[in-house]
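Structure assessment
If you want the building blocks of each chain, they are given just below.
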Amino acid sequence: FPLFFSGNGPSGICLSYLLSGYTPYFNRHSLHPHPILQRKLEEAPEVSLLDQDLEYLSEGLEGRSHSPVALLFDTLQRPDTDFGGTAESVLTWWHEPDRAIPHLVLGRNSPGGAWHSIEGSMVTLSKGEWMGLPDLPFKEWLKQKRRGLRNNRATAEDIAQYYQHYVMKKGLQKNFMCGTVVTSVRKVSAESISNHTQKDLQEDSDSLWNSNEKSTEVFQVDGFFKTEEGDKEPFSIYAENVVLATGTYDNPTWLGVKGENLSYVHHQLSALEEAVKNNSVGIMSDPVLIVGAGLTAADAILFAHHCNIPVIHVFRRRVTDPGLIFNQLPKMMYPEYHKVHQMMKEQTAACAGPYECYISLPEHHVLSFGKDKKCIFQDKNGCQKAYKVSMALVLTGANPNLSFLPNNGIDLAIDSDQPVSSKRNPIDVDPFTYECTQEKGLYALGPLAGDNFVRFVQGGALAAASSLLKKANKNPP
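About the cut-offs
- Residues numbered from 1 in each chain as written.
- Predicted model: local features only at pLDDT ≥ 70, side-chain atom pairs only at ≥ 80, totals over all residues.
- Heavy atoms only, no water.
- Core = buried A, V, L, I, M, F, W, Y, C linked by side-chain atoms within 4.5 Å.
- Buried < 20%, exposed > 50% of the residue type's maximum accessible area, 1.4 Å probe, protein only.
- Helix = DSSP H or I, 4+ residues; strand = E, 2+ residues; numbered from the N terminus.
- Polar contact = N/O pair within 3.5 Å; in protein donor to acceptor, adjacent residues only side chain to side chain.
- Axes fitted to C-alpha atoms, helices over the stretch in contact; angles between N-to-C directions.
- Parallel < 35°, antiparallel > 145°, perpendicular 65-115°, else oblique.
- Left-handed = near helix turned anticlockwise from the far one by under 90°.
- Contact = heavy atoms within 4.5 Å.
- Nonpolar A, V, L, I, M, F, W, Y, C, P; charged D, E, K, R; others polar.
- Salt bridge = Lys/Arg side-chain N within 4 Å of Asp/Glu carboxyl O.
- pLDDT = per-residue confidence, 0-100.
- Phe/Tyr/Trp six-rings, centres within 6.5 Å; stacked < 30°, edge-to-face > 60°.
- Lys NZ or Arg CZ within 6 Å of the ring centre and 35° of its normal.
- Pairing = 2+ DSSP bridges.

**Remarks on the nonpolar core**
Membership of the largest hydrophobic core comes to 79 residues, with the highest contact counts inside it found for Leu-15, Val-242 and Ile-427. Looking at this core element by element, the count peaks at nine residues for helix H11 (residues 454-471). Val-288, Ala-293, Ala-300 and Ala-304 belong to the second largest nonpolar core, which has 30 residues in total.

Following this line, the structure appears as structure tokens:
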């Protein structure tokens, strides 16, 4: 295969679409609200976006992402969305099958990735239209289901179904292999592959085995797929390029404190939902401890509040810290998160507020979890407090599982002494191709490259597709 990628969430689906011959052009009759960008787009409307200079087009754009290409692709699809506008996309899509590059997308679940693992009724942080993929607006799909958007937002179940529908509607399913687990990705010399495999590869891919430009190294991708009978069927694939789009839902972050491996300490929100279903926590039980000050912790607090379960909420930051996600969300769009933030401010242990069943301990951290379910916390002054709890949820983020890469992918990160983390230490990629700076032929998309919102992961797919098409000589001059 000229190309293989691991991960079938929104990044993988979007890249598959762009590599299946679907090509974006500037719509000559459109008017973009950004006058300089409009002028640049008018310079060569007959040249597809994939063949233009993405660095030149994205220069000077500002917005809620650090990636220039993410901002570019986003503003072309949703020109004034950050200002509450609903202007149409300025792109028009043409299907040019001769530009398609054969590729294979592997994923554990159905297309949609981790969206299938999230509690179905959970409302998304982003507005519904921001969850859409190219050339099939999410709102239109939802209308066909005869459903509206609550507060402009959608449920996780809607999103998961929309991504599956997108793959079918765009005819991409032949590129997707679900139920697969990748165990290893490594570079091997082309000579070490048997002649038989080389011959197959030669038929598959003109670009890799051109006699004048014979590549000396390819990637060997090993793994297994689960059969319907539950067996594990191993596979080995050789590819000249590999795209990592595995997201970061895999490995919840641990605090690394004593007692964290005890059975009442959990690292996923689903444990609380399960405990409520089993009636193992309720109104009369000891409080549930929730550690963390991100949106997953907020979702846990809202869920517990809804079920009248008492909560002790511990987090390291000050409530006024500008880095706290609640201080970055517009109140109107996110009333429930605003409510959690208010509780965090008003309900500290020092002063009881109007909400019963909730205590916040800002600027505290957990010292230990006791076998008797007593937890010890310490504040910034070194004072310690002990609380007895029924269960503990440590919801402080997640890290990607890159165990299939040499050295867990650490050598590819911006700081090669630290594990890869979407927020603190993403994989180091070229911002206009998304190719890893440390490993040519390997690309990283989405959270692995530091793009954490669906609306912005698509720019990475555009950059990678543009680069891969150039390599395969599928870009017209």
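**Some thoughts on the side chain of Gln-347**
Mapped onto the elements, Gln-347 comes out in the loop between helix H10 (335-346) and strand S16 (358-361). Here Gln-347 falls in the buried class, since its relative accessible area comes to 2%. For Gln-347, the side chain forms a polar contact with the main-chain oxygen of Tyr-358, separated by 2.9 Å.

**Quick word on the packing of helix H1 (residues 10-18) against H11**
Contact pair H1 / H11: the axes reach a minimum separation of 9 Å and the direction vectors enclose 40°. Here H1 is positioned oblique relative to H11, judged by the angle of their axes. As H1 runs across H11, the sense of the crossing is right-handed. On H11, the residues that touch Pro-10, Ser-11, Cys-14, Leu-15 and Leu-18 of H1 are Val-454, Val-457, Gln-458, Ala-461, Leu-462, Ala-464 and Ala-465. Residue classes in the contact of H1 with H11 are distributed as ten nonpolar, two polar and no charged.

**What to know about the pattern of salt bridges**
Tallying each qualifying case throughout the model produces nine salt bridges. Glu-96 is the partner of Arg-99 in a salt bridge, and the nearest nitrogen-oxygen pair spans 3.5 Å. Since its relative accessible area comes to 6%, Arg-99 is described here as buried. Between Asp-135 and Lys-170 there is a salt bridge, and its shortest N-O distance comes to 3.4 Å. Of the two residues, Asp-135 is situated in the loop between strand S5 (123-127) and helix H5 (138-144) and Lys-170 in the loop between helix H6 (156-169) and strand S7 (176-178); the sequence distance between them amounts to 35 residues. The structure contains a network of salt bridges with shared partners spanning Asp-51, Glu-96 and Arg-99.

**Some points on the confidence of the model for the protein**
With 83% of its residues at a pLDDT of 70 or more, the protein shows a mean pLDDT of 83. Averaged over each element, pLDDT in the protein is lowest for helix H7 (residues 195-204) (47) and highest for strand S14 (residues 288-291) (97). Ignoring residues within four places in sequence, the model shows residues 198-214, a span with pLDDT below 50, making 24 contacts including any to other chains.

**Observations regarding the packing of aromatic side chains**
On inspection of all chains with the given rule, the structure shows nine aromatic pairs. Both rings, one in Tyr-264 and one in Phe-369, keep their centres 6.4 Å apart while their planes meet at 80°; by these two values the pair is edge-to-face. With a gap of 105 residues between them, Tyr-264 in the loop between strand S12 (251-252) and strand S13 (265-266) and Phe-369 in strand S17 (residues 364-369) connect regions that are remote in the sequence. The pair Tyr-264 / Phe-369 is uniform in exposure class, with both members buried. Here a set of aromatic residues connected by ring pairs shows up, and it is made of Tyr-17, Tyr-22, Phe-73, Trp-93, Tyr-162, Tyr-163 and Tyr-166. Sitting above the plane of the Tyr-56 ring, Lys-40 keeps its charged end 4.8 Å from the centroid.

**What about the sheet that holds S17?**
Spatially, S17-S18-S19 is the arrangement adopted by the three strands of the open sheet, whose pairing is antiparallel. A single partner strand is all that each edge strand has here, and the edge strands are S17 and strand S19 (384-388). For this sheet the average axis-to-axis angle between neighbouring strands, irrespective of direction, equals 30°. Relative to strand S18 (residues 374-379), S17 runs antiparallel, the two sharing five bridges. When the bridges of S18 are listed, His-364 appears paired with Asp-379.

**Notes on the sheet that holds strand S10 (residues 232-239)**
The three strands are arranged S8-S9-S10 in an open sheet whose pairing can be described as antiparallel. Strand pairing shows two members of the sheet lacking a second neighbour, strand S8 (180-189) and S10, which therefore form its edges. Averaged over all pairs of adjacent strands, the angle between their axes in this sheet comes to 20°, without regard to strand direction. Alignment of strand S9 (residues 217-226) against S10, held across eight bridges, turns out to be antiparallel. Opposite Phe-224, over in S10, you have Pro-234 as the bridge partner.

**Some remarks on unusual backbone geometry**
You will see that Lys-373, though not glycine, has its phi angle at about 65°, which is positive. Following the sequence through the fold, Lys-373 ends up in the loop between S17 and S18. Given a relative accessible area of 30%, Lys-373 falls into the partly exposed group. Unusually for a residue other than glycine, Tyr-434 sits at a positive phi of about 65°. Structurally, Tyr-434 can be placed in the loop between strand S21 (398-399) and strand S22 (442-444). We classify Tyr-434 as buried; its relative accessible area is 2%.

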